[in-house]
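Reading the structure
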Amino acid sequence: MLEALFTPKAVAVIGASRTEGKVGHDLVKNLIGGGYKGAVVPVNPSANSILDLKCYDSLKNYGRSIDLALIAVPVPAVLEAIKSAVRAKAGAIAVITSGFKESGGEGIEREKQMAAYCQSEGVRL
């Protein structure tokens, strides 16, 4: 299962962005520029391409499995992004969004909900 995290064959960036300086843009740029040899799958419902890569409006429309999902969307959209990654057979998920445990209260509950869902699906978070 750790292979999905350390040696993924396909990485989805959910929340990929065309805007330089945004986390979703930098993730895609760093994967490409860092020499990653696997498939980079940008996911953004309002973009056709990002950094010359075909962009998908959802992982469902990618139609293949992924190993790792990098999630950079606003907090309210994170759980659904996680669920779409699980449906795409992701073995590992990294959430790169603030507003969870570090924010207290409701954030703690959101994080527990995410962790419980991933654990029930056998996915590393």
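Quick caveat, the model's predicted, so the values are computed rather than measured. (Residues numbered from 1 in each chain as written. Predicted model: local features only at pLDDT ≥ 70, side-chain atom pairs only at ≥ 80, totals over all residues. Heavy atoms only, no water.)

What follows is about the pairing of strand 1 (residues 10-14). Burial of strand 1 is extensive: five of the five residues sit out of reach of the surface. Of the two faces of strand 1, both are covered, the one formed by Ala-10, Ala-12 and Ile-14 as well as the one formed by Val-11 and Val-13. With five bridges joining them, strand 1 and strand 2 (residues 39-43) adopt parallel strand pairing. Looking at the pairing, Val-11 lines up with Val-40 of strand 2. You can see the chain leave strand 1, run along helix 2 (residues 23-33) and come back into strand 2, and the turn it takes is right-handed. In this sheet, strand 5 (residues 68-71) lies alongside strand 1 in parallel orientation, the contact comprising four bridges. (Buried < 20%, exposed > 50% of the residue type's maximum accessible area, 1.4 Å probe, protein only. Helix = DSSP H or I, 4+ residues; strand = E, 2+ residues; numbered from the N terminus. Pairing = 2+ DSSP bridges. Right-handed = clockwise from strand over helix to strand, strands pointing away.)

A separate point is the packing of aromatic side chains. Enumeration according to the criterion identifies one aromatic pair in this entry. With centroids separated by 5.1 Å and ring planes inclined at 75°, the aromatic side chains of Tyr-56 and Tyr-62 adopt a geometry described as edge-to-face. Take Tyr-56 and Tyr-62: they sit in the same class, and that class is buried. The cationic tip of Lys-54 hangs over the ring face of Tyr-56; the distance from NZ or CZ to the ring centre is 5.0 Å. A cation over a ring is seen here: Lys-83 above Tyr-117, with NZ or CZ 5.7 Å from the ring centre. (Phe/Tyr/Trp six-rings, centres within 6.5 Å; stacked < 30°, edge-to-face > 60°. Lys NZ or Arg CZ within 6 Å of the ring centre and 35° of its normal.)

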